[in-house]
Amino acid sequence: MTNFMRRHPLLVVVVAQLCGTSLWFSVNGVGLALIADVGLREKDLGWLTLSIQAGFIAGTLLIATTGLADRIRASRIFAVSSLAGALANAGFVLVAAHQPFDLLLRFVTGLCLAGIYPLGMKLVIGWTPKYVGAALAWLVGMLTLGTALPHLLRGAMVALSWQWTLLGASLLAILGGAAIFVLGDGPHLPPSSGKARLRDGLAALREPRFRAVAMGYFGHSWELYALWTLVPFMVAREVARLGAQGFSTPLISFTIIALGLFGCIGGGALSRRLGSLFVARLALGASGLICMVYPLVAFLSPPVMLLLLALWGLTVIADSPQFSALAAQTAPRERIGSTLAMLNAIGFALTIPSIALTTALWQWQGLWVVWWLLPGPVIGLWAMHKLGRQ
């Protein structure tokens, strides 16, 4: 088994990433059940999502500013984070109806995810340095699939209580962490550059090309996670309009979010011919157009609306690997670590107000709430247009 893992390290890392990131939206996967059984509201689910986002931001800043990932083997951090995150996620079963303990455990889960997703990138560099671009597309694709996975678990376990979905996600995270523990770090990790200082990363925003990429990424971030949070609500609306018992809201939600995997891989392949800038602008423009049109065509039949939502799920994440590639190309080489840490920290911080706003207003505005996401693609495209001119 160890020999197989060493021969196919990228496969091991991306599958482990899939398993570990299933913790991210595990509560959202059972959100409708929590509303029915525990009495939560859409706004409460928004707060739970905000808690895990806040934990992830705090965790990434901690790792970036302390140099923790340079002192301890990446595989060890990944494995320990997967175990701790699995325990925090499973513990949510006991406190789902009790605030603030439910929010606290989601925050802790987010902290642990900071040791899974960014460290997965470092493991990819350590094992496949010649194919980082293609591998990054797979890694982000697996993040997308991991985000969707709880909806699949819920659909498969619909006859069981919602607690089993969370426990299933925790089991997957433990298996993923164990696989990385056995695999270990790759032989090609870059040397440590010491502490990453956020003020150095902020200084990079004075560079026009990097600033344009950063604004594009921030616009992308504003839209992405809020959309993923809203997908089950939008799917439930169309299923209710269909009035059919045979349609599963969790399975349809899984399909829509998971389509982002193909968007990432397809965008990665297209970028090799047309460049990352072209693909990033194409994907951001397509998702922004769907965002603008979606509530205007709400009168169309449910299958058409679900198809449009599927196209949105395909395009909304396809630009993410390309923004990472553009950021790495335009960031000052002497402070690339702090620059990318800053970029991720601000990007994920922007998901907090967008999620809070849309989940709080969903009950009153319905589908029109997606227009609150529209400034993200618009600002991002404006910035990327300036980059193209430069």
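Draft legend 1. Representation of the overall build of the protein in the model. Helix and strand counts for the protein come out as 19 helices and zero strands. Counting over 390 residues, the protein shows a buried share of 55%. With an accessible surface of roughly 16,200 Å², the protein has 69% of that area assigned to carbon and sulfur atoms.

Draft legend 2. Summary view of helix α9 (residues 117–127). Counting buried residues along α9, eight of its 11 residues qualify, which places the element largely inside the surrounding structure. Within the span of α9, buried status applies to Y117, L119, G120, K122, L123, V124, G126 and W127.

Draft legend 3. Geometry of the pattern of salt bridges. In this structure the tally under the stated criterion is three salt bridges. Between D44 and R41 there is a salt bridge, with the nearest N and O atoms lying 3.4 Å from each other. Exposure remark for D44: the relative accessible area of 11% places this residue in the buried category. The class for R41 is partly exposed, based on a relative accessible area of 45%. R237 serves as the salt-bridge partner of E238, at 2.4 Å between the closest nitrogen and oxygen. On the accessibility criterion, R237 (27% relative accessible area) is partly exposed. Three or more residues are tied together by salt bridges with common partners; here these are R237, E238 and R241.

Draft legend 4. View of the nonpolar core. If you look at the biggest cluster of nonpolar residues, it comprises 108 residues, and the most contacted ones within it are W24, L34, Y225, M234 and W312. Here this core gets 18 residues from one element, more than from any other, and that element is helix α13 (residues 208–242). For L34, the contacting residues outside a window of four places in its chain are V27, G39, L40, L45, F92, A96 and W162.

Draft legend 5. Spatial organisation of the side chain of S75. Turning to its location among the elements, S75 is positioned in helix α7 (residues 74–95). A residue is classified by how much of its surface remains accessible, and S75, at 0% relative accessible area, is buried. Residues contacting S75, with those up to four places away along its chain left out, are L123, I180, G184 and D185.

Draft legend 6. Molecular detail of helix α16 (residues 302–315). Along its 14 residues, α16 runs 20 Å from first to last C-alpha, staying within 8% of the 20 Å computed at 1.5 Å per residue. Looking only at α16, the buried set comprises P302, M305, L306, L308, L309, A310, W312, G313 and T315. Those residues of α16 that are buried are in contact with α13, α14 (249–274) and α15 (276–293).

Draft legend 7. Inspection of the packing of aromatic side chains at higher detail. This model, assessed by the stated rule, comprises 15 aromatic pairs. Ring geometry for W368 against W371: centres 5.1 Å apart, planes inclined by 85°, an arrangement best described as edge-to-face. These aromatic residues form a ring-pair network of at least three members: W24, F25, F56, Y117, Y225, W228 and F348. Above the face of the F92 ring, R106 is positioned so that its terminal group lies 6.0 Å from the ring centre.

Draft legend 8. Broad picture of a nonpolar patch on the surface. Residues L289, M292, L296, W368 and W371 make up a contiguous nonpolar surface patch of about 490 Å² in total accessible area. Residue placement: W368 occurs in the loop between α18 (336–365) and α19 (375–389). Here W368 falls in the partly exposed class, since its relative accessible area comes to 42%.

Draft legend 9. Up close: the side chain of R106. Within the element layout of this structure, R106 appears in helix α8 (residues 101–113). Within the local environment of R106, its side chain forms a polar contact with the backbone oxygen of W24, the two atoms lying 3.1 Å apart. Beyond its immediate stretch of four places on either side in the chain, R106 contacts L23, W24, S26, V27, L48, S51, I52, N89 and F92.

Draft legend 10. Representation of the environment of A173 in the model. Looking at where A173 falls in the secondary structure, it is placed in helix α11 (residues 163–183). Judged by its relative accessible area of 0%, A173 is buried. Taking the C-alpha atoms as reference points, A173 and L87, 86 residues apart in sequence, are found 9.5 Å from one another. Apart from residues lying up to four places away in sequence, A173 is in contact with C19, G20, L23, S82 and A86.

Draft legend 11. Examining the packing of helix α2 (residues 9–20) against α9 more closely. Where α2 meets α9, the closest approach of the two axes is 10 Å, and the angle between their N-to-C directions is 175°. One finds that α2 runs roughly antiparallel with respect to α9. Listed contacts from α9 to P9, L10, V13 and Q17 of α2 are Y117, G120, L123, V124 and W127.

Draft legend 12. Inspection of unusual backbone geometry at higher detail. Omega for the peptide link from Q99 to P100 comes to 5°, which places this bond in the cis form. In this fold, P100 is placed in the loop between α7 and α8.

Draft legend 13. Region of interest: the environment of G313. Along the polypeptide, G313 turns up in helix α16. For the pair G313 and V231, spaced 82 residues apart in sequence, the C-alpha to C-alpha distance is 8.9 Å. What G313 contacts, discounting residues up to four positions off in sequence, is I256, L259 and G260.

Draft legend 14. Quick look at the packing of α13 against α16. Remark: α13 packs on α16, axes separated minimally by 10 Å, with the N-to-C direction vectors making an angle of 165°. Taken as axis vectors, α13 and α16 run roughly antiparallel relative to one another. In this structure, α13 crosses over α16, and the sense of that crossing is left-handed. Here α13 contributes E223, L227, M234, V235, E238, R241 and L242 to the contact with α16, which in turn contributes P302, P303, M305, L306, L309 and W312. Its residues placed into classes, the contact of α13 with α16 shows 10 nonpolar, no polar and three charged.

Conventions adopted
Residues numbered from 1 in each chain as written. Predicted model: local features only at pLDDT ≥ 70, side-chain atom pairs only at ≥ 80, totals over all residues. Heavy atoms only, no water. Helix = DSSP H or I, 4+ residues; strand = E, 2+ residues; numbered from the N terminus. Buried < 20%, exposed > 50% of the residue type's maximum accessible area, 1.4 Å probe, protein only. Areas by Shrake-Rupley, 256 points an atom, 1.4 Å probe, with all protein chains shown as cover. Salt bridge = Lys/Arg side-chain N within 4 Å of Asp/Glu carboxyl O. Core = buried A, V, L, I, M, F, W, Y, C linked by side-chain atoms within 4.5 Å. Contact = heavy atoms within 4.5 Å. Expected span 1.5 Å × (residues − 1). Phe/Tyr/Trp six-rings, centres within 6.5 Å; stacked < 30°, edge-to-face > 60°. Lys NZ or Arg CZ within 6 Å of the ring centre and 35° of its normal. Patch = residues over 30% accessible without salt bridge, like charges linked within 9 Å, V, L, I, M, F, W, Y side chains within 5 Å. Polar contact = N/O pair within 3.5 Å; in protein donor to acceptor, adjacent residues only side chain to side chain. Axes fitted to C-alpha atoms, helices over the stretch in contact; angles between N-to-C directions. Parallel < 35°, antiparallel > 145°, perpendicular 65-115°, else oblique. Left-handed = near helix turned anticlockwise from the far one by under 90°. Nonpolar A, V, L, I, M, F, W, Y, C, P; charged D, E, K, R; others polar.

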